[in-house]
Amino acid sequence: MAIVDVVVIPVGTDGPSVSKYIAEIQVELEKFKKQGKIDYQLTPMNTLIEGDLEDLLNVVKVIHELPFNKGLDRVCTNIRIDDRRDKQRKMNDKLTSVEKHLS
C-alpha cells in the first residue's frame, strides 16, 4: 500500500481562494473511497491518499483534470509518493509509530 501527498493548484482563478476547487476534489475522492479503492485525509495544505499505487496514480490523474473541467487553462499538481513494500501499513500506523517514541 502506498501513500500519495497531493496538492492540486488551479491557476488563473477569479481570485486567490481555491477552496471550491478543493471541495470538488474531495467529492471525487469520496467516490473512490466508497468503491473501496482508497482512503484519504484532507489537511490545511494538501490531501493524503492511500491505496494501491496503480489506483492512486489513476486518482491523481482524475483530480488533476477537475479544474480543467471548470474552464481553467492551467493546473499545477505536485505529488510525493511513499511506497513501502516490506510491510503493510496505513497513514495512521505511521502516526502511531511516531507517537510511541513520544511517550
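Residues numbered from 1 in each chain as written. Predicted model: local features only at pLDDT ≥ 70, side-chain atom pairs only at ≥ 80, totals over all residues. Heavy atoms only, no water.

The name an unreviewed UniProt entry gives the chain is MTH1187 family thiamine-binding protein, with Staphylococcus agnetis as the organism. A UniProt comment under Sequence similarities (unreviewed entry) is attached to the chain, and it reads "Belongs to the UPF0045 family." (UniProt positions renumbered as here; feature names shortened; annotations may be inferred.)

Attention now moves to the overall build of the chain. The helix and strand tally for the chain stands at three helices and four strands. Helices and strands in the chain line up, N terminus first, as β-α-β-β-α-β-α. Projecting the C-alpha coordinates of the chain onto the three principal axes gives extents of approximately 45 × 30 × 20 Å. Taken over 103 residues, the chain has a buried fraction of 30%. In the chain, 67% of the contacts between residues at least 6 apart in sequence involve partners at least 24 apart. Counting 16 positive and 17 negative side-chain charges, the chain places the centres of these two groups 2 Å from one another. (Helix = DSSP H or I, 4+ residues; strand = E, 2+ residues; numbered from the N terminus. Buried < 20%, exposed > 50% of the residue type's maximum accessible area, 1.4 Å probe, protein only. Contact = heavy atoms within 4.5 Å. Lys, Arg positive; Asp, Glu negative; His and termini not counted. Charge placed at Lys NZ, Arg CZ, Asp CG, Glu CD.)

In this section: the nonpolar core. One finds Val6, Leu29, Ile38, Ile49, Val59 and Ile63 to be the most contacted residues of the largest nonpolar core, which totals 16 residues. Put simply, the parts of the chain that give this core at least two residues each are β1 (2–11), α1 (19–34), β2 (38–42) and α2 (53–69). Counting residues per element, this core draws most heavily on α2, which supplies five residues. (Core = buried A, V, L, I, M, F, W, Y, C linked by side-chain atoms within 4.5 Å.)

Let us look at the UniProt feature "domain: Thiamine-binding protein" (unreviewed entry) in the chain. Here, the residues flagged by UniProt with the feature "domain: Thiamine-binding protein" (unreviewed entry) are residues 4–99. Helix and strand shares over residues 4–99 are 44% and 29% respectively, and the end C-alpha atoms of the span are 21 Å apart.

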